[in-house]
Each structure stands twice: as C-alpha cells, then as structure tokens.
There are 2 protein chains.
Amino acid sequence: MNLTILGCYAATPRTFTNPTSQVLEIRNRLFLIDCGEGTQVQLRKNKIKFSKINQVFISHLHGDHFFGLIGLISTFALLNRTTDLHVYGPKGIKEIINLQLRLSNSWTKYGLFFHELESKESEVIFEDDKVIVKTIPLNHRVYTNGFLFQEKIRERKLNLDAVQNYEIDKCYYQNIKNGKDITLDDGRIIENHKLTFDPVPPLSYAFCSDTAYDESIIPYIKEVDVLYHESTFLDSEEALAGKTMHSTAKEAATIALKAKVKQLVLGHYSTRYENIELFKEQAETIFPNILLADDGKSFEF
Amino acid sequence: MNLTILGCYAATPRTFTNPTSQVLEIRNRLFLIDCGEGTQVQLRKNKIKFSKINQVFISHLHGDHFFGLIGLISTFALLNRTTDLHVYGPKGIKEIINLQLRLSNSWTKYGLFFHELESKESEVIFEDDKVIVKTIPLNHRVYTNGFLFQEKIRERKLNLDAVQNYEIDKCYYQNIKNGKDITLDDGRIIENHKLTFDPVPPLSYAFCSDTAYDESIIPYIKEVDVLYHESTFLDSEEALAGKTMHSTAKEAATIALKAKVKQLVLGHYSTRYENIELFKEQAETIFPNILLADDGKSFEF
C-alpha cells in the first residue's frame, strides 16, 4: 500500500503548498482522494500516470478539496482518454462539473460517471475483487465523508513443501489457495491448514478530512493500519478548531489512540504555521506512531 | 503600462507552464485578464498584490481561461477581502461561480459583481477617469471576446518656464493642464499652447485570445501600442489552426501588420512545441516588432 501526498495544506494554494489531494495505491489500484486546485500539476510532478486513475473520491464541496476536479476531467478529455472515470462525491458535484462542460462546449469522449453521496450512514461505494471502499460520515460545516479503503482478505499462501510431499497436482493449487481441503486419490482428506500458510493480513487505510473531533467515527476506523486524520490547528487554536469544525493535532491523536489504529498520518495544516514539526510534537504526547504528511511525500505501508 | 504574463500556454497546465492569465497595469490600475487554473499561485509567485485586483476580464469559457477564477474568488473571501470585485465575462460565468459558492456554503463578504457579456458587437464594459475598456468580438469555437484597454488622453504638461514668466498663480495650473487659456490681470489672454506641452500620448493594449485568423477585428485594434494575439500553432499546423479556430504565428503577425500596431506579443502556444523561439522566427518574416510572452515575464511599454 502506497500513499502519495499531492497536497495537504488547508484553505488556499500557495507558491510551495497545495490544497488537499492524495493518491492511494492498493494492490495495483490507484485511488485519487480529493482534488484541490492544481492537482493535475501535482500528479505530473509526482509522475503519476493519468491513465491509472479511474476512481476519484471527493470528501466535501469546500474548494480546497475539489476545485481541481474540473481541470483534471478536462485535461483527461484533451488527452483523448477513453477509459471510464468514476467520481464519488457529495450531491451537487455532477451539476458543478456538467455545467462547466456544457458552457465550454467540451464534452468528454470517455464515460464520466458520478456517484453522488447523500447518506449520513456509512455505505459501501466501491468494490472489486481486491478492494472495498466505504464512506465514513464526518462532522464538518458542510456534508462530508471520509473514506475507508479495505483490502480484501488475500488468498492463502501455498506451503510448497507440503503440496509436493502429498504429490498434489498443480491444477488443484488455486482451490487450495482459496482455502479448500483436498481429497487424495487414496481417499485421504488433507485439511487446508496443512497445505497453506495464513495470508498476509489485509491492509486498511482511512482518510478523515475535514472533521471536527468526533468519537462517533471510531467504530468505522477501529484498528485500521493507517489513519489520515486532519489536524488543521495546534493546541493554541483549540477554540478556533471547535468553531470551524476542524481538529487539533492532539485531537487527531486522541482519535487514533481510541480507535487503536497502527499509524496516524497528520495533514490539512493551516497555513498560519511556519513549522509543521510542531504538529508531530503535540500529537506524540498522546499517540506514539505519528507521520507528517507533506506535499510530494510518499509513504509505503 | 506594464504587462505581466502569469500563463500563456494553451490547453492543459503542466509542471512548468500555465494556462492563460495576465495582469495589465495602466495608470496604477490593475486588470486581470483571463484566469486559468493556478492563477492565484502565479499571482503570488509574481508578487502581485491580491488587494489591487478589482476587475477581472474573462475572454471565454474554455477551461484554460477561467478554471482558476473560482479559486481566486474563494481565496479572496478567505483572506477577508472587503473591496468589491467585478468580473466581466460570457453569460454563464455567474452561474458557474455562484453554484460552487452555494454548494460549498461559502459566500463572499465582499461585493462580487458579474457583468455578463452576450453582445457580438464591440461595447464599452469599463470606464473610469483614466482607462476605458471595450470588447473585441473574436471568432472562436465558443462565444469569445478580446479586450481593448485604452488610456484616456492625459492632461497637458505644464511649461514651467512659461507660466513663471507670465507670473501666473499656482492655483491656475490645473486649469492650464486641462487645456484652458488664461486671462492675465492686465487683460491679456495667453493661449494654452504657449503655457503647455502636448501630453504623453495615451497608450492602448489589445488582448486577442483565443481566435481564428479574422481580419474583422482590425478596425478595433488599429494602431494600438501593443497587441497580444494568440499564436497557438506554427506554420506546419496551419490546417489544424483553421480547424480548431486558432491562429498561427504568421497569421497573428499578418493581423498586426494590417492593423499597423506598434508591437505584437505572441502567446497561447500549443504545448506540443519544445522551442517557442520558432514562433518569433516565423512571425518576424511578416512583422518586425515581435515579443514572445512567457510565464513570469513582464513587459514595460
């Protein structure tokens, strides 16, 4: 699982910082999460192939999370993309994009599918054979979802010594990896656990931005491998965090602690702070495993 | 008159090139012309004060000319701007911006005024005591206007030796600069031309992008000091220029020649070309005074 941060600063794009966007890669699938202004340039800078992006998830309709989407969609069209693109985001996103395409008289030749979200309950919004994506209802000034990306349980690992020992034909290997027992020619039944090892545990990633401190998200993110939780403010701005429905670094760490996640990644820093290391310092007083997102940074989990 | 090119490349923003946007400064007024994605960052990079921008002119609703406008408007709001902002652009621009502001539940505290354009005739769209702005109907795939910025005739320059010679009181200086004759205490009438020099001739700037080669714009841009004319293509792509309703460098130069402008600035280069010097080379075969726009370049006229 690889996470590339294209932008992780709040509010306005600046010369050297970008609004929220990130690319999550799980099992060779790329998911684009949020799409602030300039995302297409950040994708280029980080050498992420446009053609590998087939799903875009938009958390909410504040500009720093979606103003780059229309540009990305238009650029895909100009580059003669033919593959379908699926956009998952709050109700209204379709109208915003289609209005601009209509007025610029420039429709996409590729299939552009909108999956508009309205539910205040968690729901499955994407699923294929390897990954499942669920919404995490967040608590912000407008309708907002986080996203939980869960790798599906992988197939069991073949114990090569064991299958060769029993002289099992290769054509049964896939069944064995799928967890099935095997009946030998002499009638003996060999239980699956004797022929396989446990699979690599599936990974999970939860993206939670933007949100006030809200313990009601804990059941959805319980024990995830990696939690990205916004930390717009430091402790000194705790009151402002409450008022604007954002979180402090310590609040993000408290959620991570209570949800027993393995790793917390902080981001969505207010541009008022010169030194983002302070976010780590403050969060570490509560939860030990802290990583700081920064534009252009990649994490391998 | 100062022209700062924020972006002058066609179609898609890339790592080191930006879509169309430029800032024209005449007589201490700043005019933002077009606003492709990333314009607000380009403004920051070029150290142009946001607070000095009160008028934005949008030529047409292709993304590379306006996708940055919603971000700029939002950033102005986040920075607690209070001064009115006026946007001049094709009908539809208001709906695009207001829809996004409405869905993000983030209205501007400053006055945001849209002046939507529909006319196919040239019209005056802005005027104050120093500058007048008129549309130039262009010929492109969607409804498009160029913009002609004309400095008003300045006041006459005082001939200090002459006024002191006649012992004229300072309180009459403004009247003299405004072109009035003066009656001395002894009844003599001194004609204005004896007390003043001709003023600096007013400057004019015409922005023409995007457009097919079209001689019908010549009357509007006749003898302007500076013409910015798009040159998306080189000669080898002349047919493509015709098909997409863009111009070649030579076509831009032909318009400049026929309109007898003083200076031609080329821009809106297709990103297919590695070396923009070729645009200058080709245009110079037709018209001598060629400047190449490039992102971050400033011209003083």
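This is a predicted model, so every value here is computed, not measured. (Residues numbered from 1 in each chain as written. Chains lettered and ligands numbered in written order. Predicted model: local features only at pLDDT ≥ 70, side-chain atom pairs only at ≥ 80, totals over all residues. Heavy atoms only, no water.)

Q: Residues and numbers for the environment of Leu234(A), please.
A: Residues and elements named next belong to chain A. You can see Leu234 is positioned in the loop between β15 (226-230) and α8 (238-244). Here Leu234 falls in the buried class, since its relative accessible area comes to 4%. Residues Leu234 and Ala249 lie 15 residues apart in sequence; the distance between their C-alpha atoms is 5.8 Å. If we skip the residues at most four places from it in the chain, Leu234 touches Thr248, Tyr273, Leu278, Phe279 and Gln282. (Helix = DSSP H or I, 4+ residues; strand = E, 2+ residues; numbered from the N terminus. Buried < 20%, exposed > 50% of the residue type's maximum accessible area, 1.4 Å probe, protein only. Contact = heavy atoms within 4.5 Å.)

Q: Before we move on, can you summarise the nonpolar core with the specific residues and values?
A: If you look at the biggest cluster of nonpolar residues, it comprises 58 residues, and the most contacted ones within it are Ile97(A) and Ile97(B). If we ignore the near neighbours within four places in the chain, the residues touching Ile97(A) are Leu69(A), Ile70(A), Ile73(A), Leu112(A) and Phe114(A). (Core = buried A, V, L, I, M, F, W, Y, C linked by side-chain atoms within 4.5 Å.)

Q: Could you give me a rundown of the packing of helix α3 (residues 69-78) of chain A against helix α4 (residues 93-103) of chain A, with the residues and numbers involved?
A: Residue and element names in this part refer to chain A. Contact pair α3 / α4: the axes reach a minimum separation of 10 Å and the direction vectors enclose 50°. In terms of axis orientation, α3 runs oblique to α4. Relative to α4, α3 is oriented so that their crossing is right-handed. Seen from α3, the contacting residues are Leu69, Ile70, Ile73 and Ser74; seen from α4, they are Ile93, Ile97, Gln100 and Leu101. By residue class, the composition of the contact of α3 with α4 is 6 nonpolar, 2 polar and no charged. (Axes fitted to C-alpha atoms, helices over the stretch in contact; angles between N-to-C directions. Parallel < 35°, antiparallel > 145°, perpendicular 65-115°, else oblique. Left-handed = near helix turned anticlockwise from the far one by under 90°. Nonpolar A, V, L, I, M, F, W, Y, C, P; charged D, E, K, R; others polar.)

Q: Describe in detail the packing of aromatic side chains, supporting the description with residues and values.
A: Evaluation of the coordinates by the stated rule reveals 30 aromatic pairs over all chains. Plain terms: the ring middles of Tyr9(A) and Tyr269(A) are 5.4 Å apart, the flat faces sit at 65° to each other, and that makes the pair edge-to-face. Residue Tyr9(A) is found in the loop between β1 (2-7) and β2 (21-26), and its partner Tyr269(A) is found in the loop between β16 (263-267) and α10 (277-284); the two are separated by 260 residues along the sequence. Judged by relative accessible area, Tyr9(A) falls into the buried class, the value being 9%. On the basis of relative accessibility, which here comes to 0%, the residue Tyr269(A) falls in the buried class. Aromatic side chains Phe57(B) and Phe149(B) sit 5.4 Å apart centroid to centroid with 85° between the ring planes, which places their arrangement in the edge-to-face category. Of the two residues, Phe57(B) is situated in strand β4 (residues 53-57) and Phe149(B) in strand β9 (residues 144-151); the sequence distance between them amounts to 92 residues. In this pair, the class of Phe57(B) matches that of Phe149(B), namely buried. Among the aromatic side chains, those forming a connected cluster through ring pairs are Phe31(A), Phe57(A), Tyr88(A), Phe126(A), Phe147(A), Phe149(A) and Tyr205(A). (Phe/Tyr/Trp six-rings, centres within 6.5 Å; stacked < 30°, edge-to-face > 60°.)

Q: Could you give an account of the relation of the copies chain A and chain B, naming the residues involved and the relevant values?
A: Mapping chain A onto chain B leaves a residual RMSD of 0.2 Å; the transformation is a rotation of 179° accompanied by 0.1 Å of translation along its axis. Taken together, these values place the two copies in the relation of a two-fold axis. Within chain A, Gly38(A) has its C-alpha nearest the rotation axis, a separation of 3.0 Å. Both copies contact each other with a shared surface, as 100% of the interface residues of chain A are interface residues in chain B too. (Least-squares fit on C-alpha atoms with pLDDT ≥ 70 in both.)

Q: Please set out the state of the cysteines residue by residue, giving values where relevant.
A: Taken as a whole and assessed by the stated rule, the structure comprises 0 disulfides over all chains. No disulfide involves Cys35(B); its sulfur sits 15 Å from that of Cys8(B), the nearest cysteine. (Disulfide = S-S within 2.5 Å.)

Q: Kindly report on the domain arrangement of chain A, identifying the contributing residues and their values.
A: We note that the domain assignment places domain 1 (2-154 + 200-300) and domain 2 (157-197) within chain A. One C-alpha centre belongs to domain 1 of chain A, the other to domain 2 of chain A; they are set 42 Å apart. (Domains from an automatic or database assignment.)

Q: Tell me about the sheet that holds β9(B), and name the residues and values.
A: Pairing between the strands of a sheet is mediated by backbone hydrogen bonds and can be parallel or antiparallel. All names here are of chain B. Across the sheet, which stays open at both edges, the 7 strands sit in the order β7-β8-β9-β14-β15-β16-β17 with mixed pairing between neighbours. Looking along the sheet, the strands with just one partner apiece sit at the ends: β7 (124-127) and β17 (290-292). Averaged over all adjacent pairs, the angle separating strand axes in this sheet is 20°, with direction ignored. Pairing analysis gives 4 bridges linking strand β14 (residues 204-208) to strand β15 (residues 226-230), with the strands arranged parallel. Bridging from a neighbouring strand, Cys208 pairs with His229 of β15. (Pairing = 2+ DSSP bridges.)

Q: How would you sum up the interface of chain A and chain B? Please name residues and give values.
A: Between chain A and chain B, the contact holds 34 residues from the first and 34 residues from the second. Where chain A abuts chain B, roughly 2700 Å² becomes buried across the two surfaces, and 65% of that area is made up of carbon and sulfur atoms. Counting the contacts that link chain A with chain B gives 0 salt bridges. In this assembly, chain A and chain B are joined by 10 residue pairs in polar contact (both at pLDDT 80 or more). (Buried area = accessible area lost by both parts, 1.4 Å probe. Salt bridge = Lys/Arg side-chain N within 4 Å of Asp/Glu carboxyl O. Polar contact = N/O pair within 3.5 Å; in protein donor to acceptor, adjacent residues only side chain to side chain.)

Q: Requested: an account of the sheet that holds strand β7 (residues 124-127) of chain A, with residues and values cited.
A: Residue and element names in this part refer to chain A. Taken together, the 7 strands give an open sheet; going across it, the order is β7-β8-β9-β14-β15-β16-β17, and neighbouring strands pair in mixed fashion. With partners counted over all chains shown, the strands left at the sheet margins are β7 and β17 (290-292), one partner each. Across the sheet, the mean angle separating the axes of adjacent strands is 20° when strand polarity is ignored. Against the sheet, α10 touches β16 and β17, its axis set at about 170° to β17.

Q: I'd love a proper account of the UniProt feature "binding site: Zn(2+) 1" (unreviewed entry) in chain A, names of residues and values included.
A: All names here are of chain A. When the UniProt feature table is mapped onto this chain, "binding site: Zn(2+) 1" (unreviewed entry) is found at His60, His62, His140 and Asp210. Of the residues just listed, which span 151 residues, no C-alpha pair is farther apart than 10.4 Å, and they cluster in one region. Considering the arrangement of structural elements, one finds His140 in the loop between β8 (131-138) and β9 (144-151). Dropping the residues within four chain positions of it, His140 is found in contact with His60, His62, Asp210, Thr211, Thr244, Met245 and His246. A distance of 3.4 Å separates the side chain of His140 from the side chain of His62, its partner in a polar contact. Along the chain, the position of Asp210 falls in the loop between β14 (204-208) and α7 (218-221). According to the relative accessible area criterion, Asp210 is buried, its value standing at 1%. Apart from residues lying up to four places away in sequence, Asp210 is in contact with His60, His65, Leu138, His140, Thr144, Glu230, His246 and His268. (UniProt positions renumbered as here; feature names shortened; annotations may be inferred.)

Q: I'd love a proper account of the packing of helix α9 (residues 249-258) of chain B against helix α10 (residues 277-284) of chain B, names of residues and values included.
A: Residue and element names in this part refer to chain B. Where α9 meets α10, the closest approach of the two axes is 8 Å, and the angle between their N-to-C directions is 45°. By the angle between their axes, α9 is oblique relative to α10. Judged by the sense of rotation from one axis to the other, the crossing of α9 with α10 is right-handed. Residues Ala249, Lys250 and Ala253 of α9 lie in contact with α10, whose contacting residues are Phe279, Gln282 and Ala283. The class makeup of the residues in the contact of α9 with α10 is 4 nonpolar, 1 polar and 1 charged.

Q: Can you explain the pattern of salt bridges? Please cite residues and give values.
A: Applying the stated criterion across every chain yields a total of 27 salt bridges over all chains. Between Arg156(A) and Asp198(A) there is a salt bridge, with the nearest N and O atoms lying 3.0 Å from each other. Residue Arg156(A) is found in the loop between β9 and β10 (157-158), and its partner Asp198(A) is found in the loop between β13 (196-197) and β14; the two are separated by 42 residues along the sequence. Residue class for Asp198(A) comes out exposed when judged on its relative accessible area of 57%. For the salt bridge of Asp128(B) with Arg29(B), the shortest nitrogen-to-oxygen distance reads 2.4 Å. With Asp128(B) in the loop between β7 and β8 (131-138) and Arg29(B) in strand β3 (residues 29-33), this residue pair connects regions lying 99 residues apart in the sequence. Several salt bridges share partner residues, and in doing so they unite Arg27(A), Glu151(A) and Arg154(A) into one network.

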